[in-house]
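Here's the letter readout for the chains.
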Amino acid sequence: MDTITLDQFKDRFHSEDICADYLFQMKWPHGFVCPKCSHRHFYRITTRRLPLYECAQCSHQTSLTVGTVMEGSPTSLQKWFTAIFLASRPSPGINAVQLKEIIQVTYKTSWLILQKIRRAMSTSDATHLLSGMVQVHDACYGHPYNITHQTHSKEHFLLVGTSLNEQKQPTYIKMKLLLESPREKFISTPQKKSFAERYIEAEDSEVEYITQRLKPRRLKIGYPYFKKASQWLNETFHGIGVRHLQAYLDEFCYRVNQALDQAPLFQSLIQLCATTKKADYWQVTRRKRKNKRSSRGQVANSFYPL
Ligand SMILES: [Zn+2]
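Residues numbered from 1 in each chain as written. Predicted model: local features only at pLDDT ≥ 70, side-chain atom pairs only at ≥ 80, totals over all residues. Heavy atoms only, no water.

- The name an unreviewed UniProt entry assigns to the chain is Transposase-like protein, from the organism Ammoniphilus resinae.

1. Some remarks on the overall build of the chain
Thinking step 1. In terms of helices and strands, the chain carries ten helices and seven strands.
Thinking step 2. Of the roughly 16,900 Å² of accessible surface on the chain, 49% is carried by carbon and sulfur atoms. (Helix = DSSP H or I, 4+ residues; strand = E, 2+ residues; numbered from the N terminus. Areas by Shrake-Rupley, 256 points an atom, 1.4 Å probe, with all protein chains shown as cover.)

2. Observations regarding the pairing of strand β6 (residues 170-177)
Thinking step 1. Taken across its eight residues, β6 has seven buried, putting it largely inside the fold.
Thinking step 2. Both strand β5 (residues 156-164) and β6 contribute to a ladder of seven bridges, which runs antiparallel. Residue pairing for β6: Ser163 is matched across the bridge by Tyr172.
Thinking step 3. Linking β5 back to β6 in an antiparallel pair, the connection comprises five residues, with Lys168 at a positive phi of about 60 degrees. (Buried < 20%, exposed > 50% of the residue type's maximum accessible area, 1.4 Å probe, protein only. Pairing = 2+ DSSP bridges.)

3. Regarding the sheet that holds β5
Thinking step 1. Taking strand neighbours across the sheet as the criterion, the four strands line up as β6-β5-β4-β7 in an open arrangement whose pairing is mixed. Looking at the sheet topology across the chains shown, the edges are occupied by β6 and β7 (206-210). Direction aside, the axes of adjacent strands within the sheet are offset by 20 degrees on average.
Thinking step 2. Its contacts with the sheet place helix α7 (residues 223-237) against β4 (133-141), β5 and β6, and it is angled at close to 35 degrees to β4.
Thinking step 3. Set on the sheet, helix α8 (residues 242-260) makes contact with β4, β5 and β6; between it and β6 the angle comes to about 180 degrees. (Axes fitted to C-alpha atoms, helices over the stretch in contact; angles between N-to-C directions. Contact = heavy atoms within 4.5 Å.)

4. Let's talk about the side chain of Lys116
Thinking step 1. As for its position among the elements, Lys116 is in helix α5 (residues 107-126).
Thinking step 2. Discounting residues that sit within four places of it in the chain, Lys116 has contacts with Val69, Trp80 and Val284.

5. Notes on the packing of aromatic side chains
Thinking step 1. Overall, the coordinates contain 25 aromatic pairs when judged by the stated rule.
Thinking step 2. Ring centres of Phe13 and Phe266 lie 5.8 Å apart, and the angle between their planes is 50 degrees; this geometry places the pair in the tilted category. One end of the pair, Phe13, is in the loop between α1 (6-12) and α2 (16-27); the other, Phe266, is in helix α9 (residues 265-275), with 253 residues separating them in the sequence.
Thinking step 3. When its relative accessible area of 0% is taken as the criterion, Phe266 is described as buried.
Thinking step 4. Ring centres 5.0 Å apart and planes at 65 degrees place the aromatic pair Phe24 and Trp28 in the edge-to-face group. Like Trp28, Phe24 is buried.
Thinking step 5. Taken together through their ring pairs, the aromatic side chains of Phe9, Phe13, Tyr22, Phe81, Phe85 and Phe266 make up a single cluster.
Thinking step 6. Geometry around Phe13 places Arg12 over its ring, the cationic atom sitting 4.4 Å from the centre.
Thinking step 7. Against the face of Tyr248 rests Arg118, its NZ or CZ located 3.8 Å from the ring centre. (Phe/Tyr/Trp six-rings, centres within 6.5 Å; stacked < 30°, edge-to-face > 60°. Lys NZ or Arg CZ within 6 Å of the ring centre and 35° of its normal.)

6. Looking at the coordination of the zinc ion
Thinking step 1. Here the zinc ion is held by Cys34 (SG), Cys37 (SG), Cys55 (SG) and Cys58 (SG), and the distances to it run 2.3 to 2.4 Å.
Thinking step 2. Viewed at the metal, the four donor atoms of the zinc ion are separated by angles of 103 to 114 degrees, and the geometry they form is tetrahedral.
Thinking step 3. Sequence spacing among the residues donating to the zinc ion works out to C-x2-C-x17-C-x2-C. Taken as a pair, Cys34 in the loop between α2 and β1 (42-45) and Cys55 in strand β2 (residues 52-55) lie far apart in primary sequence, 21 residues in all. Like Cys34, the residue Cys55 is buried in the burial classification. (Donors = N, O, S within 2.8 Å, 3.2 Å for Na, K, Ca; no water. Tetrahedral: all angles 85-135°; square planar, octahedral: opposite > 155°, others 65-115°.)

7. Here we look at the environment of Pro305
Thinking step 1. Note that Pro305 resides in the segment after α10 (281-285).
Thinking step 2. A sequence separation of 129 residues divides Pro305 from Lys176, and the C-alpha atoms of the two residues are 9.7 Å apart.

8. Some points on the layout of surface pockets
Thinking step 1. For the second largest pocket, the calculated volume is near 350 Å³.
Thinking step 2. Ranked by the residues each element gives to the lining of the second largest pocket, the list is headed by α7, at six residues.
Thinking step 3. Partitioned by chemical class, the residues of the lining of the second largest pocket number eight nonpolar, three polar and three charged. (1 Å grid on protein atoms, 1.4 Å probe; cavity = no way out; pocket = protein on both sides within 12 Å on 5 of 7 lines; lining within 4 Å. Points joined across faces, edges and corners; volume = space filled by probe spheres on them. Nonpolar A, V, L, I, M, F, W, Y, C, P; charged D, E, K, R; others polar.)

9. So, the confidence of the model for the chain
Thinking step 1. Here the chain averages 87 in pLDDT, and 87% of its residues register 70 or above.
Thinking step 2. The low-confidence segment residues 292-297, where pLDDT is below 50, has zero contacts with residues more than four positions distant or belonging to other chains. (pLDDT = per-residue confidence, 0-100.)

10. Observations concerning the side chain of Asn257
Thinking step 1. With respect to the secondary-structure elements, Asn257 resides in helix α8.
Thinking step 2. Among the residues examined, Asn257 registers a relative accessible area of 5% and is labelled buried.

11. Observations regarding the sheet that holds β1
Thinking step 1. Pairing is antiparallel in the open sheet, where three strands are placed in the order β1-β2-β3. Either end of the sheet is taken by a strand with one partner, and the two such strands are β1 and β3 (61-63). Sheet twist, expressed as the average angle between the axes of neighbouring strands with direction ignored, equals 30 degrees.
Thinking step 2. Bridge count between β2 and β3: three bridges; the pairing is antiparallel. Across the sheet, Leu52 pairs through a bridge with Ser63, a residue of β3.

Here's what the structure looks like:
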C-alpha cells in the first residue's frame, strides 16, 4: 500500500463502510473486546453515521473511534484515512493548506487533524528509548550557529540522539528541543543527564556526546537527518515557531524511524492512530490552561514537555 498513489488509495477506501471495517481490524486485531467487561461477542448497530458495537454481555455500547485520535470528530473516516495516508508517506510530507484542498475541509479542521496525528507520533516516540551504542549531538534550528556567544532569538537548540547498530548504521533517532541554549559551547551536564534520563535506556547503553561547535568536522551520524528535518520544516511549513516545533520534529523522526525499521507506513500509522487516545484541545494547541501547574519529575527537565 505504501507505493500506491493517492488516487489508488482513494479507490481502495472508497466508502465509509470499507474504512470502518479496516479501522475495526486495526483497533481490535484479535476481534472485538468490550472495553468494560472484556467480553468478545457484540451486536452491530448501524443506525448512526458510524456503527456502534454493543457488548452481548453487559450491553455497553462503544464506537469505533472511541479511544482513537478520531474520537469525537465529525469528519468522515474517508477524510481521516486520506490524511493518515498522506502523513505516513516519506518526504515531502503534507501541510494543512495542502490537506484542506485535498479532503475539502476548513483550514482549522485540516490543521487539527494533522496535529492530532502528530501527537500520536509523539506518543509513540515516548514509549521508545534509545539503546546500545548511542550518539548524541547538539544542533541549532532556525539560524546557523553564530561564532559569538550571544544567542540569536531565532536560534532553537536541540539534541539529536541516534541509536547505532554494530556497523554504525542508525536504527532509531530522536530530536529533542532544549529549553535553554547550551552554554560555553558544551552540552551542559544537567542537559546530558536530563537527556539520558528521559530518552536512553539506562542499562548497557554506551553514550557518546558530541558538541557541534567544538568538533564541527567530527562525524555526526544524526546530523544529515537534522539537516533534512530543517529543510523539510522550512520548505513544507515555511518555518515553525518554538511552540509547536517539538511536535513537528517528532513527526519527522517518526517517519525516519518507520523507514529505518522497514515498517509498512500506512498500516503502522493507522494502527497507531486507532490505538492512541486523542490529544485534548490544550495539548493540540499548546495554549496554557489557567491555574494548571505542570508537575516536574525528580531530574530537572531540560526539554520542552509534550
Ligand atoms: Zn461488556
